[in-house]
Amino acid sequence: MMSIRFYLAVVLLASMGTGWAQKLTRAERRARLDSALTARYYKTPYDTNYVVRPEGRLALKARLNHTGNAFHAKGTVNGIYQKANLSTSHKTTLSLGASYRGIGFGVAINPAKWKGVYEDYELNLNYYSSRLSLDASYQRSESLAGDIWGDRGPQRLGSGDVAMKVLNLAGYYAFNHRRFSYPAVFNQSYVQRRSAGSWLAGISYQAGSLKTTDALLARSPDAPETRIYVGHVGIGVGYGYNWVIGRRWLLHFSMLPTYVVYNRNSLTVRGERKRAQRMRLNMIFNERAAVVYNFSPRYFAGATLVMNNSVFDDDMVLINQNKWRARAFVGMRL
């Protein structure tokens, strides 16, 4: 009996030892992961006299986003002059985000969509690194409303009369990437310590369409079936500047004008299509502005504005789009 008890005790102690070893292994794994993330976090590609990582492992942020899109077009097809000034309903979202050692996630809610007031769909994607940055947005909307002129004179278009699908892309390369930081402005994953600017090279792409809906044609059978297609690519050079004031304030402004080097724009009225000249040089402007205030190393707040404005005119078809997104935020680091 004693030998059996001794054997059971040995087995019990061995299993306890194995459990502690497993626990230590998990702790070691967590420690190694945290160590690797910490080393990655502080391995900055910047000149640390100008840009540094903020202290704290965890960053929490709340954001209020407000976006809108305005569309203007005109042209003459088959002897019919068409002109439209339309804009979507403004979209407001609330979002909460968290990042650990620079790796983050977030969730956004749209109160108006919950109430059934806002039925449009919009997706925004932003990427900011030391050298490369990208702003991308896709919007599908039937809330466009405004005035349109045609062979029947001025008409008022309401929500649901026109459907829009638009994709906007703007990519940047910062030449002075050792001293000038976009992430310090737009996601606060770095801190700009001294003022610095940089020349920018970039590319812009816009694509999408506007067309009259079946609801409009059913309600007004004599209304012309109209479709505007946009698809153009631009390249250009711009400049950005981060201005540090008193170590607490950070002001930013950048502009990247790009020249349209290829397009597939067209206007179709009652099946008759007018295509724009493929190599007509026009402009796409990408602007950014921001202000960030650091209350302390732990607390910060600010606001940003990102805009994409295109102007395309080949004498017969003129297309102008103005897409913008304003954001206010407040956050803390732990």
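For the structure given in this document, a descriptive report is provided here. Note that the coordinates shown come from a computational prediction; the quantities given were computed from them, not determined experimentally.

## Brief notes about the packing of aromatic side chains
Logical step 1: Taken as a whole and judged by the stated rule, the model has 11 aromatic pairs.
Logical step 2: Aromatic side chains Y182 and F186 sit 5.8 Å apart centroid to centroid with 45° between the ring planes, which places their arrangement in the tilted category. Considered together, Y182 and F186 belong to a single accessibility category, that of buried residues.
Logical step 3: A centroid spacing of 4.5 Å and a plane angle of 50° characterise the contact between W249 and Y293, whose relative ring orientation is tilted. Placement of W249 in strand 14 (residues 249-263) and of Y293 in strand 17 (residues 283-294) is noted, with a sequence separation of 44 residues between them.

## Observations concerning the environment of I319
Logical step 1: Tracing the backbone through its elements, the reader meets I319 in strand 19 (residues 317-333).
Logical step 2: For the pair I319 and A73, spaced 246 residues apart in sequence, the C-alpha separation works out to 4.5 Å.
Logical step 3: What I319 contacts, discounting residues up to four positions off in sequence, is F71, H72, A73, I228, Y229, V230, N265, S310, V311 and F312.

## A short note on the nonpolar core
Most often, soluble globular proteins have nonpolar side chains that are buried together.
Logical step 1: Among the nonpolar cores identified, the biggest contains 23 residues, and Y172, Y182, F186, L200 and L250 are the most heavily contacted of them.
Logical step 2: Only strand 10 (162-174), helix 3 (183-186), strand 12 (196-212), strand 14, strand 17 and strand 18 (299-313) provide two or more residues apiece to this core.
Logical step 3: Not counting chain neighbours up to four residues away, the residues in contact with F186 comprise Y128, H252, R288, T304 and V306.
Logical step 4: V166, I228, L267 and V317 belong to the second largest nonpolar core, which has 18 residues in total.

## A closer look at the pattern of salt bridges
Logical step 1: All told, the structure shown has 3 salt bridges when counted by the stated rule.
Logical step 2: The salt bridge involving D47 is made with R179; its shortest N-O contact spans 3.6 Å. One end of the pair, D47, is in the loop between helix 1 (2-42) and strand 1 (51-52); the other, R179, is in the loop between strand 10 and helix 3, with 132 residues separating them in the sequence.
Logical step 3: On the basis of relative accessible area, D47 is assigned to the buried category, the value being 15%.
Logical step 4: Note that D135 is salt-bridged to R288, the shortest N-O span being 2.7 Å. Taken together, the residues D135 in strand 7 (residues 132-141) and R288 in strand 17 connect sequence positions 153 residues apart. Each member of the pair D135 and R288 is classed as buried.

The rules behind each value
- Residues numbered from 1 in each chain as written.
- Predicted model: local features only at pLDDT ≥ 70, side-chain atom pairs only at ≥ 80, totals over all residues.
- Heavy atoms only, no water.
- Phe/Tyr/Trp six-rings, centres within 6.5 Å; stacked < 30°, edge-to-face > 60°.
- Buried < 20%, exposed > 50% of the residue type's maximum accessible area, 1.4 Å probe, protein only.
- Helix = DSSP H or I, 4+ residues; strand = E, 2+ residues; numbered from the N terminus.
- Contact = heavy atoms within 4.5 Å.
- Core = buried A, V, L, I, M, F, W, Y, C linked by side-chain atoms within 4.5 Å.
- Salt bridge = Lys/Arg side-chain N within 4 Å of Asp/Glu carboxyl O.

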